[in-house]
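Inside the fold
In case you want the letters, here they are:
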Amino acid sequence: MADNSKKVPFVKEIWNSRKLILQLAKNDFKTKYAGSYFGIIWAFIQPIITIMIYVFVFGMGLKMTPKSTEYPFLLYLIAGIVPWFFFADAWINSTNCLIEYSYLVKKMVFKISILPIVKVISSLFVHLFFILLGFVIFMIAGRTPGIAMIQVFYYMFCEICLVLALTYFTASVTPFFRDMAQIINITTQLGMWLTPIMWDESIMPAWVMSILKFNPMYYIVNGYRDCFIYGRWIPQHWHMTIYFWIVVIILAIIGSRTFNKMRVHFADVL
């Protein structure tokens, strides 16, 4: 048995460990690229290069322009891809957290329920940088976001909740089914193209979009664009807000119950 904290309520256990979570997240962020020459710089270089490639291929090569706004393709892409980078990075890394920190999982007194949160917070540091970078790029382009930009903290919270809800399930399954990490990789790659990040939803038939809107990341990506581009407020799409939180709550219940049920077996299989 990895720990004896099962009797402590799940949420309370996490809240009581908030200082430890932040400290471990900082250490995780620093050590992730510790063995490379450029260190944590790689955490920022790869997403920037990816954005440049997409702008070259879709913006300059295929000359794609968003019909729903007069903003350049670069700005439209940045507003949508920044939240996706965080979602994919946090979910993939958090899914493997029990294996990566197996030496902690085997300790009787360690609260292993905090490990998924540690990985998400670690990815959040890079995400905050790209939000700031995106804001600066919009300013340079003469399209400074309006007051609706303050909503970005709400949508960031939404994304953290979604990732954690998914992660507690996938992380609890991974020690028993190691292929889960590869499945998540494929899922995030596929999900990126099923979310209106590099394409404008106005080009899709209405019946197709009615299906794609079931993807909870649609709500978050559109929310970030509301902050950066459209200036729309949360109550203007209250029905999507309700749907999103219903999905997150259901996923969170499934994930937390699965984690609590399987946690007594983690140390045995790691």
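Residues numbered from 1 in each chain as written. Predicted model: local features only at pLDDT ≥ 70, side-chain atom pairs only at ≥ 80, totals over all residues. Heavy atoms only, no water.

Overview of the overall build of the protein chain
Each helix and strand counted, the protein chain has twelve helices and zero strands in total. The order of helices and strands in the protein chain, counted from the N terminus, is α-α-α-α-α-α-α-α-α-α-α-α. Computed over C-alpha atoms, the radius of gyration of the protein chain comes to 19 Å, within 12% of the 18 Å expected from 2.2 N^0.38 for 270 residues, which places it in the range of a compact globule. Structurally, the protein chain occupies a C-alpha span of about 60 × 45 × 35 Å along its principal axes. In the protein chain, which comprises 270 residues, the proportion classed as buried is 49%. Sequence separation of 24 or more characterises 81% of the internal contacts of the protein chain that already satisfy a separation of 6 or more. Counting every atom, the protein chain has about 13800 Å² of accessible surface; 70% of that belongs to carbon and sulfur. Separation of charge centres in the protein chain, based on 22 positive and 12 negative side chains, amounts to 7 Å. (Helix = DSSP H or I, 4+ residues; strand = E, 2+ residues; numbered from the N terminus. Rg over C-alpha atoms; globule rule 2.2 N^0.38 Å. Buried < 20%, exposed > 50% of the residue type's maximum accessible area, 1.4 Å probe, protein only. Contact = heavy atoms within 4.5 Å. Areas by Shrake-Rupley, 256 points an atom, 1.4 Å probe, with all protein chains shown as cover. Lys, Arg positive; Asp, Glu negative; His and termini not counted. Charge placed at Lys NZ, Arg CZ, Asp CG, Glu CD.)

Quick notes on the environment of A43
Here A43 shows up in helix α3 (residues 42-61). Residues A43 and K107, 64 residues apart in the sequence, show an inter-C-alpha distance of 30 Å. Discounting chain neighbours no more than four positions away, the residues touching A43 are Y33, V126 and F130.

Side note on the environment of T69
Along the chain, T69 turns up in the loop between α3 and α4 (73-95). We classify T69 as buried; its relative accessible area is 13%. T69 has contacts with Y76, I229 and Y230, leaving out every residue within four places of it along the chain.

Digging into the side chain of T188
Topologically, T188 is positioned in helix α9 (residues 180-194). T188 has contacts with W84, A88, W91 and I92, leaving out every residue within four places of it along the chain.

Examining the packing of aromatic side chains
Taken as a whole and judged by the stated rule, the model has 17 aromatic pairs. A centroid spacing of 6.1 Å and a plane angle of 40° characterise the contact between Y71 and F138, whose relative ring orientation is tilted. Of this pair, Y71 sits in the loop between α3 and α4 while F138 sits in helix α7 (residues 115-140), and the two are 67 residues apart along the sequence. Exposure remark for F138: the relative accessible area of 0% places this residue in the buried category. With centroids separated by 5.1 Å and ring planes inclined at 50°, the aromatic side chains of W84 and F87 adopt a geometry described as tilted. Of this pair, W84 and F87 are both found in helix α4, three residues apart, which corresponds to roughly one turn of the helix. There is no split in this pair, since W84 and F87 are both buried. An aromatic cluster is built from Y154, Y155, F157, Y219, F244 and W245, whose rings are joined through pairwise contacts. One Lys or Arg, R143, reaches over the ring of Y71 and ends 4.6 Å from the middle of that ring. (Phe/Tyr/Trp six-rings, centres within 6.5 Å; stacked < 30°, edge-to-face > 60°. Lys NZ or Arg CZ within 6 Å of the ring centre and 35° of its normal.)

Things to note about the state of the cysteines
Summed over all chains, the structure comprises zero disulfides. Unpaired in this structure, C161 has its nearest cysteine sulfur neighbour in C158, at a distance of 6.9 Å. Free of any disulfide, C227 has its nearest cysteine sulfur in C158, 10 Å distant. (Disulfide = S-S within 2.5 Å.)

Some details on the nonpolar core
Formed by 82 residues in total, the largest nonpolar core has its most connected members in L77 and L115. Every residue in contact with L77, bar those within four places of it in the chain, is listed here: I51, Y54, V55, I197, M198 and R225. (Core = buried A, V, L, I, M, F, W, Y, C linked by side-chain atoms within 4.5 Å.)

Focus: a nonpolar patch on the surface
On the surface, F169, W238, I242, I246, I250 and I254 cluster together into a nonpolar patch covering about 590 Å² of accessible area. Turning to its location among the elements, F169 is positioned in helix α8 (residues 152-173). (Patch = residues over 30% accessible without salt bridge, like charges linked within 9 Å, V, L, I, M, F, W, Y side chains within 5 Å. Salt bridge = Lys/Arg side-chain N within 4 Å of Asp/Glu carboxyl O.)

So, helix α12 (residues 238-269)
End to end, α12 covers 44 Å across 32 residues, agreeing with the expected 46 Å (1.5 Å per residue, within 8%). For α12, the principal kink sits at R263 and spans about 55°. When α12 is considered as a whole, its buried residues turn out to be M240, T241, F244, V247, V248, G255, S256, T258, F259, R263, F266 and A267. (Expected span 1.5 Å × (residues − 1). Bend = angle between axes of the 7 residues up to and from the residue.)

Description of the pattern of salt bridges
Tallied over the entire structure, the rule returns three salt bridges. Among the ionic pairs, K119 bridges to D28, the shortest N-O distance being 2.9 Å. In this pair, K119 sits in helix α7 while D28 sits in helix α2 (residues 18-32), placing the two residues 91 residues apart along the sequence. Classification of D28 by relative accessible area gives buried; the value is 3%.

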